[in-house]
Amino acid sequence: MSSLANAILFLALVTTSVMVAVMYRKLKRLDRYHAEYQQIFDKTGAALVAAQGAVAAFGTEGKETLLLLGKRIEEAQAVTSQLEHLLQDARQQAQSLTRASQS
């Protein structure tokens, strides 16, 4: 009877040892996955910080570009206005010369 109990206990010990070994391997694999995920999350965080910086720089550069573009548009409007006045003056002078030569 004692040997039957010892056999059952030995079988339970072997089964438990096998289960512990399997769980140990699974925990090791889980630890590797965790390390990989940690690296991925760290890289993702760095990428998000870089993206945030790029968006901020884009916003600042966009504002500067819009201001410069607005100034250039105002300058172009002023030059256009000056050209229109010069054209009107040139037409008036041409008409005056035409009238003077016809008289």
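Residues numbered from 1 in each chain as written. Predicted model: local features only at pLDDT ≥ 70, side-chain atom pairs only at ≥ 80, totals over all residues. Heavy atoms only, no water.

A short note on the overall build of the protein chain
Line of reasoning, step 1. When helices and strands are counted, the protein chain shows 1 helix and 0 strands.
Line of reasoning, step 2. Computed over the C-alpha atoms, the radius of gyration of the protein chain is 43 Å, more than 25% above the 13 Å expected from 2.2 N^0.38 for a compact globule of 103 residues.
Line of reasoning, step 3. Per-residue burial for the protein chain yields a buried fraction of 0% across its 103 residues.
Line of reasoning, step 4. Surface exposure of the protein chain reaches about 9,700 Å², of which carbon and sulfur atoms provide 66%.
Line of reasoning, step 5. Distance from the positive charge centre (11 side chains) to the negative charge centre (9 side chains) of the protein chain: 15 Å. (Helix = DSSP H or I, 4+ residues; strand = E, 2+ residues; numbered from the N terminus. Rg over C-alpha atoms; globule rule 2.2 N^0.38 Å. Buried < 20%, exposed > 50% of the residue type's maximum accessible area, 1.4 Å probe, protein only. Areas by Shrake-Rupley, 256 points an atom, 1.4 Å probe, with all protein chains shown as cover. Lys, Arg positive; Asp, Glu negative; His and termini not counted. Charge placed at Lys NZ, Arg CZ, Asp CG, Glu CD.)

Side note on a positive patch on the surface
Line of reasoning, step 1. A grouping of R25, K26, K28, R29 and R32 is seen on the molecular surface, where their side chains present a positively charged patch.
Line of reasoning, step 2. If you trace the backbone, R25 turns up in helix α1 (residues 2-102).
Line of reasoning, step 3. Residue R25 is classed as exposed on the basis of its relative accessible area of 60%. (Patch = residues over 30% accessible without salt bridge, like charges linked within 9 Å, V, L, I, M, F, W, Y side chains within 5 Å. Salt bridge = Lys/Arg side-chain N within 4 Å of Asp/Glu carboxyl O.)

Quick notes on a nonpolar patch on the surface
Line of reasoning, step 1. On the surface, a nonpolar cluster with roughly 680 Å² of combined accessible area is contributed by L27, L30, Y33, Y37, I40 and F41.
Line of reasoning, step 2. Assignment of secondary structure puts I40 in helix α1.

Some thoughts on the pattern of salt bridges
Side-chain pairs of opposite charge can arise whenever the charged atoms involved come near each other.
Line of reasoning, step 1. In total, this model carries 1 salt bridge according to the counting rule given.
Line of reasoning, step 2. Close ionic contact of E75 with R72 constitutes a salt bridge, the shortest N to O distance being 3.2 Å. Of the two residues, E75 and R72 are both situated in helix α1; the distance of 3 residues between them amounts to about one turn of the helix.
Line of reasoning, step 3. Exposure remark for R72: the relative accessible area of 55% places this residue in the exposed category.

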